[in-house]
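Each chain, written out:
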Amino acid sequence: MAKKPYYITTAIAYASGKPHIGNTYEIVLADSIARYKRFIGYDVRFQTGTDEHGQKIETKAFESLSTPQEFVDEKAGEIKRIWDLMNTSYDKFIRTTDADHTVQIQKIFKKLYDKGDIYKSEYEGLYCTPCESFWTKAQLVDGCCPDCGRPVSPAKEEAYFFKMSKYADRLIKYIEDNPEFIQPESRKNEMINTFLKPGLQDLCVSRTSFKWGIPVDFDPKHVVYVWIDALSNYITGLGYDVDGNSDPMFSKYWPCDLHLIGKDILRFHTIYWPIMLMALDLPLPKQVFGHPWLIQSDGKMSKSRGNVIYADDMVDYFGVDAVRYFLLHEMPFENDGVVSWELMIERFNSDLANVLGNLVNRTISMSNKYFGGVVENKNVNEEVDEDLKKVVVDTRLKVNKFMDDLRVADAITEIWNLFKRCNKYIDETLPWALAKDESKADRLRTVLYNLVEGISIGATLLEPFLPDTSKRILEQLGTERRSVTDLGEFGLYPSGNKVTDSPEILFQRIDENKMLEELAKRFPPKEEEPEEPKKSKKDDEKTEPATVDSLVKQEITIDDFDKMQLQIGEVLSCEAVPKSKKLICSQVKVTGRTLQIVSGIKNFYSPEDMVGKKVVVITNLKPAKLAGILSEGMLLCAEDEEGNLALLTAEKDMPAGSMIS
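Residues numbered from 1 in each chain as written. Predicted model: local features only at pLDDT ≥ 70, side-chain atom pairs only at ≥ 80, totals over all residues. Heavy atoms only, no water.

Q: Sorry if this is basic, but what is going on with the overall build of the protein chain here?
A: Counting its regular elements, the protein chain contains 22 helices and 27 strands. Taking 661 residues into account, the globule formula puts the C-alpha radius of gyration at 26 Å, and the protein chain, at 28 Å, falls close to it. Structurally, the protein chain occupies a C-alpha span of about 90 × 75 × 50 Å along its principal axes. Classification of the 661 residues of the protein chain by burial places 51% in the buried group. (Helix = DSSP H or I, 4+ residues; strand = E, 2+ residues; numbered from the N terminus. Rg over C-alpha atoms; globule rule 2.2 N^0.38 Å. Buried < 20%, exposed > 50% of the residue type's maximum accessible area, 1.4 Å probe, protein only.)

Okay, here's the thing in structure tokens:
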């Protein structure tokens, strides 16, 4: 029976520079989904690539004394090198300078023009060069581009425009009729209420102020503007032909099953792109997922801020699979994730070296020590075995459910729960104690068999996420990757099989202090901005409100409120911040993760008082450092006229992670 096709794409990377670790997250995330889909039986087509036209690239090429083509050749090569370094299994790397893509873009533009959906006019507005976007004055934020925050400049030129409003009602209906189209669902309302219902402006789709682009063949002084050129890669990469002579691959894989993109370009993929497809009489993608950002502890990564981390630098210190693990495990489904060298070292030592690496090494070592590496199932079972087997077998179902929902971090957590359960099984069965009693030899053989079988299943499930590590584990166990159907049955590891007699260390523990010293030399920290002058007590008294009623803030809308993510959090641990009279640092559990939160409430709550409390937390607050400690959220408190504080809690006992709306 033919496999069901599955087409997944990433956004194409802009070929203006080297991709940082946040950019790299997207390709690794897409790769894990593509590998998993292949594993469960799909015929996967995985496409990525580079966006190579525009004014910004033309300018950068001029500054670097190269032609635009030479410039993008170099940058596209660097992007592809990083994607390959991260062991990603894409099937197609498309470039928007490819000859076949160029031909189809010209045909698409002409078809839309002939239909009357594109017309010539003149544009006058405020232009952001980095984003290659025009804005009205009302759309600016503090006088700057609402997307990137950079300055804009007045621009006026002849241009072709696309009639967006013609298809707006049809698109609204499609979004409402297909609730899975925009994910996470929270972003759907933003697209409808902020952009579609207020009325779409016609979209500028050509430029004359620069030359580096695909020429409009019937009006050569114009080049096709970024969105028709870049977005159409998803169909031109499948061999789409406007004249009806498309490659069979197009009919096989289109419509796309998943466009995986950053949340900042969701509008272009869920409004502009679907409308273009409607105008071309083509089916719309089944799903667009706008993933969150991976940010530095001091905010969004930016070269101008000097806080950029690159994937190849991390690989130098930790290896490819360790970086893949960090990227996939640390990113929540909806909220931004935080990256730092310190956190990477912590995850490497705790999760990779301790939980996984130590489990595999000591299981193989015990098999060699007690039975010469031969693993046999003597079926001398005890009650504790049944719980281990249930956890191992059930993991496949849990992973599959999370992967269906694109909750990759949660899927990895379930696999690690399997490995943790195997470690616990060792503590429960005490193989070294069994080895002292010759009459318990068959029980010991059974225990080691159960461990090898559990690890084999876990290693198979691990392959989409950490492919090299999965392979190395299975090779050491003397077995091969299981089929997806075999994962539902415990006991298929061949009894009498032999593990390697020289187990390798999968992840060697890192000396944190030594590595941080080395990193500090190689990547000197950015100079801290000077602290604000300290206020005297007298100054505080002047600014303190006389009554609670005077704290009146600007009126907001429900959309402003909806930007905050409020959840119930459970305080797992808490400690005082050294040398601070007011601050305490809490580890607060919410859904699928633990946030570190620094709060100025030490005068009202001791660290001991905090443990176990169910508190109200803002969980999507931009991380910041307080007294040198990273804080990833905020605990909400009420304050009376005299400055006394009380933590906000739920009236009833609600589970950690419960949403507040």
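Following the structure, the description resumes.
Q: It is not clear to me how the sheet that holds strand E5 (residues 118–128) should be interpreted in this structure. Could you clarify?
A: Picture the strands of a sheet paired through backbone hydrogen bonds; they go either parallel or antiparallel. Ordered by their spatial adjacency, four strands build an open sheet running E6-E5-E7-E9, and the pairing between neighbours is antiparallel. What marks the edges here is a single partner per strand, and that holds for strand E6 (133–135) and strand E9 (203–204). Where E5 and strand E7 (residues 153–162) come together, 10 bridges link them in antiparallel fashion. Note on E7: the bridge partner recorded for Lys 120 is Tyr 160. With respect to the sheet, helix H10 (residues 266–279) is in contact with E6, E7 and E9, its orientation differing from that of E7 by roughly 35 degrees. (Pairing = 2+ DSSP bridges. Contact = heavy atoms within 4.5 Å. Axes fitted to C-alpha atoms, helices over the stretch in contact; angles between N-to-C directions.)

Q: Honestly, unusual backbone geometry in this entry has me stumped. Any pointers?
A: For residues besides glycine, phi is generally negative; the peptide bonds are generally trans as well. Across the junction of Gln 183 and Pro 184, the peptide omega takes the value -5 degrees, indicating a cis bond. A cis amide bond, omega 10 degrees, links Trp 254 with the succeeding residue Pro 255. When you line up the elements, Pro 255 lands in the loop between helix H9 (248–253) and strand E12 (258–262). The residue Leu 65 is not glycine, and still its phi comes out positive at about 60 degrees. Positive phi values are uncommon outside glycine, yet Asp 142 reaches one of about 55 degrees. Counting through the fold element by element, Asp 142 comes out in the loop between E6 and E7.

Q: Sorry if this is basic, but what is going on with helix H1 (residues 21–39) here?
A: Within an α-helix, residues lying three or four positions from one another point in the same direction, as the helix has 3.6 residues per turn. Helix length check: H1, at 19 residues, gives a terminal C-alpha distance of 26 Å against a target of 27 Å (1.5 Å per residue), a fit within 8%. Burial within H1 is extensive, with 17 of its 19 residues counted as buried. (Expected span 1.5 Å × (residues − 1).)

Q: Explanation requested: the packing of aromatic side chains in the structure shown.
A: Working definition: an aromatic ring pair is given by the centre-to-centre distance plus the angle between the planes. Taken as a whole and judged by the stated rule, the model has 28 aromatic pairs. Considering the side-chain rings of Tyr 174 and Phe 181, the 5.1 Å spacing of their centres and the 85 degrees angle between planes classify their relative orientation as edge-to-face. The exposure class of Phe 181 is buried, given its relative accessible area of 0%. Taken together through their ring pairs, the aromatic side chains of Tyr 7, Tyr 234, Tyr 240, Phe 250, Tyr 253, Trp 254 and Trp 273 make up a single cluster. Between Lys 18 and the ring centre of Tyr 310, over which it is positioned, the NZ or CZ distance is 4.6 Å. (Phe/Tyr/Trp six-rings, centres within 6.5 Å; stacked < 30°, edge-to-face > 60°. Lys NZ or Arg CZ within 6 Å of the ring centre and 35° of its normal.)

Q: Please explain the pattern of salt bridges as it appears in this structure.
A: Once their charged atoms are close, side chains differing in charge can pair, the charge on each being opposite to the other. By the definition in use, this model includes 42 salt bridges. The partner of Glu 52 in a salt bridge is Arg 95, with the nearest N and O atoms 2.6 Å apart. Taken as a pair, Glu 52 in the loop between strand E3 (43–51) and helix H2 (55–63) and Arg 95 in strand E4 (residues 92–95) lie far apart in primary sequence, 43 residues in all. Salt-bridge contacts for Lys 107 lead to Asp 243; the nearest nitrogen and oxygen are separated by 2.8 Å. With Lys 107 in helix H4 (residues 99–114) and Asp 243 in the loop between helix H8 (233–236) and H9, the pair connects residues that are 136 residues apart, well separated along the chain. (Salt bridge = Lys/Arg side-chain N within 4 Å of Asp/Glu carboxyl O.)

Q: Would you take a moment to explain the pairing of strand E19 (residues 584–590) for this structure?
A: The side chains of a regular strand alternate, residue by residue, between the two faces of the sheet. E19 sits mainly inside the fold: five of its seven residues count as buried. Note: strand E18 (residues 566–576) against E19, six bridges, orientation antiparallel. Bridging across to E19, Glu 570 finds its partner in Lys 589. Relative to strand E20 (residues 593–599), E19 runs antiparallel, the two sharing seven bridges. Among the inter-strand pairings, Val 588 is bridged to a residue of E20, identified as Leu 595.

Q: Help me understand the packing of helix H13 (residues 341–371) against helix H19 (residues 512–522), please; the structure alone is not making it clear to me.
A: For any two helices packed against each other, one specifies the crossing angle of their axes together with the interaxial distance. One way to put it is that H13 packs onto H19 with a least axis distance of 11 Å and a crossing angle of 150 degrees. Taken together, the axis directions place H13 and H19 in an arrangement best described as roughly antiparallel. H13 and H19 meet at a crossing whose hand is right-handed. The residues of H19 that touch H13, namely those facing Trp 341, Glu 342 and Ile 345, are Glu 512, Met 515, Leu 516 and Leu 519. Taken together, the residues of the contact of H13 with H19 sort by class into five nonpolar, no polar and two charged. (Parallel < 35°, antiparallel > 145°, perpendicular 65-115°, else oblique. Left-handed = near helix turned anticlockwise from the far one by under 90°. Nonpolar A, V, L, I, M, F, W, Y, C, P; charged D, E, K, R; others polar.)

Q: Would you take a moment to explain the side chain of Asp 313 for this structure?
A: With respect to the secondary-structure elements, Asp 313 resides in helix H11 (residues 311–318). A polar atom in the side chain of Asp 313 sits 2.8 Å from the side chain of Arg 522. If we ignore the near neighbours within four places in the chain, the residues touching Asp 313 are Trp 341, Arg 522 and Phe 523. (Polar contact = N/O pair within 3.5 Å; in protein donor to acceptor, adjacent residues only side chain to side chain.)

Q: It is not clear to me how the nonpolar core should be interpreted in this structure. Could you clarify?
A: One broad trend across soluble globular proteins is that nonpolar side chains are buried collectively. In this structure, Ile 33, Phe 318 and Trp 416 are the most contacted members of the largest nonpolar core, which totals 103 residues. Tyr 160, Phe 210, Val 226 and Phe 250 belong to the second largest nonpolar core, which has 67 residues in total. (Core = buried A, V, L, I, M, F, W, Y, C linked by side-chain atoms within 4.5 Å.)

Q: Sorry, what's going on with the environment of Leu 277 here?
A: The residue Leu 277 is located in helix H10 in this model. Taking the C-alpha atoms as reference, Leu 277 lies 28 Å from Tyr 36; in sequence the two are 241 residues apart. Contact partners of Leu 277, with chain neighbours within four places excluded, come to Trp 254, Leu 282, Pro 283, Leu 284 and Pro 285.

Q: Any chance you could explain the pairing of E3 here in plain terms?
A: With eight of its nine residues buried, E3 lies for the most part within the structure. Bridge count between strand E1 (residues 5–10) and E3: five bridges; the pairing is parallel. In the sheet register, Thr 9 faces E3, and the bridge partner there is Gln 47. Pairing of strand E2 (residues 13–14) with E3, which is carried by two bridges, proceeds in the parallel orientation. Paired with Ala 13 across the strands is Thr 50, a residue of E3. Sheet topology note: the E3/E4 ladder contains four bridges and is parallel. Among the inter-strand pairings, Thr 48 is bridged to a residue of E4, identified as Phe 93.

Q: Can you help me understand the environment of Asn 368 in this one?
A: Following the sequence through the fold, Asn 368 ends up in helix H13. When the C-alpha atoms of Asn 368 and Asp 501 are compared, they prove to be 6.4 Å apart, with 133 residues separating the residues in sequence.

Q: Sorry, what's going on with helix H5 (residues 168–177) here?
A: Taken together, the buried positions of H5 are Ala 168, Leu 171, Ile 172 and Ile 175. An end-on view of H5 places all buried positions within 100 degrees of arc, on one side of the element. The outward face of H5, more than 90 degrees from its buried face, is lined by the exposed residues Asp 169 and Lys 173. If you follow the buried residues of H5, they end up packed against strand E8 (182–183), helix H6 (186–196) and H10. (Arc of directions from axis to C-beta.)

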